[in-house]
Amino acid sequence: MGTSASSKGSGKDQPLVPPWADDQPEAPVPLPLPKRFQAFRTSFGKYLKSGDASELRRSLGHFARTSTGGSSVGPRRFGPVYTAGGSLYEVLSSLGGDGAEAASHGLSKDELTGQPLDVVCQLLAEALAPDNGDSDRIRVSIDEAMLEVLGDGDFDPERLDEEAVHRILAEYLSQSIFQDIVEEVGGSWASAPDERRTAEAEGELLELIRVIVDQTLGPRLASNNSLSKAAVHRFLREAVVEIWQEWENADE
């Protein structure tokens with residue numbers, strides 16, 4: 001975590017969906033409302049000062065409804081996240097199996113086995129992150145997800161069973177959403193009285209996101225014994241739509 005320190009957030013002239021991130025480029029993007037981040041950032045600032053969980057929920061409602069355009073628009077911001085997530089599933093499942101699909105991405109199962117996990121995370125991120133504005137976000141999300149689920153130490157592909165791969169995917173999506181929100185808080189991070197409170201707020205936000213990702217993505221993954229890259233892409237997007245729908249219906 002700790003991404004808030006250098007975050008400035010989007011400005012008023014930036015589109016609701018960056019063109020390179022849009023997973024529905026054929027559909028028109030509505031014009032953003034004036035001061036679309038104001039209510040979100042104000043509520044988040046109050047949450048930083050008070051620690052009131054209701055202010056955090058209120059800020060997420062503003063984020064989903066106004067800052068990102070609602071559940072019909074906001075999920076379009078994560079196109080590269082969905083695509084990389086499908087590839088991440090394929091590669092991790094391959095590394096836990098015969099390694100053939102991973103090798104097609106330049107990742108040798110034999111060569112990765114026994115390497116420090118942080119080195120393997122970097123190699124995975126380099127292989128799967130797109131060459132666009134989401135590159136850093138996806139790299140960090142892959143890295144954090146792998147380390148959160150597998151811990152430190154050396155890489156052992158035998159640990160990549162179905163449950164572990166599903167947990168990594170859920171953490172990857174949680175980290176991606178978390179980073180998007182943290183970046184858009186922008187200057188309101190200065191409302192935190194000290195660095196301890198900033199770190200505490202980040203942890204609370206991430207945990208809230210993890211819970212709702214588990215509720216929305218978890219059942220989709222668990223109900224399918226054999227997943228394809230396309231299915232994972234679809235499940236990630238469906239989960240984000242459901243999350244945005246829940247948040248945008250939160251009390252204003």
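Our structure's up above, just so we're on the same page.
Owing to the predicted nature of the structure, the values given are computational and were not obtained by experimental measurement.

*Asks:* Help me understand the packing of aromatic side chains in this model?
*Replies:* How two aromatic rings sit relative to each other is given by the distance of their centres and the angle of their planes. In total, this model carries eight aromatic pairs according to the counting rule given. Between Phe78 and Tyr82, the aromatic rings sit 6.5 Å apart at their centres with planes inclined by 40°, giving tilted as the arrangement. Here Phe78 and Trp244 contribute two aromatic rings whose centre-to-centre distance is 5.7 Å and whose plane-to-plane angle is 75°, an arrangement assigned as edge-to-face. Note that Phe78 is positioned in the loop between α2 (53-67) and α3 (79-95) and Trp244 in helix α11 (residues 229-248), a separation of 166 residues in sequence. On the basis of relative accessibility, which here comes to 0%, the residue Phe78 falls in the buried class. On the accessibility criterion, Trp244 (0% relative accessible area) is buried. Members of the aromatic cluster, connected to one another through ring pairs, are Phe40, Phe44, Tyr47, Phe63, Phe78, Tyr82, Trp189, Trp244 and Trp247. Positioned above the aromatic ring of Tyr47 is the side chain of Arg197, whose terminal nitrogen or guanidinium carbon lies 4.8 Å from the ring centre.

*Asks:* How should the packing of α3 against helix α8 (residues 162-185) be read in this particular structure?
*Replies:* Two measures define how a pair of helices packs: the angle their axes make with one another and the distance between the axes. The N-to-C vectors of α3 and α8 enclose an angle of 160°; their axes lie 10 Å apart at closest approach. Here α8 runs roughly antiparallel to α3, going by the angle between their axes. The element α3 and its partner α8 pack so that their crossing is right-handed. Residues Pro80, Val81, Ala84, Gly85, Leu88, Tyr89, Leu92 and Ser93 of α3 lie in contact with α8, whose contacting residues are Val165, His166, Ile168, Leu169, Tyr172, Leu173 and Ser176. Within the contact of α3 with α8, the residues separate by chemical class into 11 nonpolar, four polar and no charged.

*Asks:* Help me understand the environment of Asp13, please; the structure alone is not making it clear to me.
*Replies:* Here Asp13 lies in the segment before α1 (38-50). On the basis of relative accessible area, Asp13 is assigned to the exposed category, the value being 68%. A C-alpha to C-alpha distance of 36 Å links Asp13 and Glu148, two positions 135 residues apart in sequence.

*Asks:* Please explain the nonpolar core as it appears in this structure.
*Replies:* Where a protein is soluble and globular, its nonpolar side chains tend to be buried together. One finds Ile177 and Trp247 to be the most contacted residues of the largest nonpolar core, which totals 66 residues. At 11 residues, the largest contribution of residues to this core is made by α8. If sequence neighbours within four positions are ignored, Ile177 has contacts with Phe78, Ile209, Val213, Val240, Ile243, Trp244 and Trp247.

*Asks:* Any chance you could explain the packing of α1 against helix α9 (residues 195-216) here in plain terms?
*Replies:* Two elements in contact, α1 and α9, have axes whose closest approach is 9 Å; the angle formed by their N-to-C orientations is 115°. Pair α1 / α9 crosses with right-handed handedness. In this structure, α1 contributes Phe44, Tyr47 and Leu48 to the contact, and α9 contributes Arg197, Ala201, Glu204 and Leu205. A class-by-class count of the residues in the contact of α1 with α9 yields five nonpolar, no polar and two charged.

How each quantity is defined
Residues numbered from 1 in each chain as written. Predicted model: local features only at pLDDT ≥ 70, side-chain atom pairs only at ≥ 80, totals over all residues. Heavy atoms only, no water. Phe/Tyr/Trp six-rings, centres within 6.5 Å; stacked < 30°, edge-to-face > 60°. Helix = DSSP H or I, 4+ residues; strand = E, 2+ residues; numbered from the N terminus. Buried < 20%, exposed > 50% of the residue type's maximum accessible area, 1.4 Å probe, protein only. Lys NZ or Arg CZ within 6 Å of the ring centre and 35° of its normal. Axes fitted to C-alpha atoms, helices over the stretch in contact; angles between N-to-C directions. Parallel < 35°, antiparallel > 145°, perpendicular 65-115°, else oblique. Left-handed = near helix turned anticlockwise from the far one by under 90°. Contact = heavy atoms within 4.5 Å. Nonpolar A, V, L, I, M, F, W, Y, C, P; charged D, E, K, R; others polar. Core = buried A, V, L, I, M, F, W, Y, C linked by side-chain atoms within 4.5 Å.

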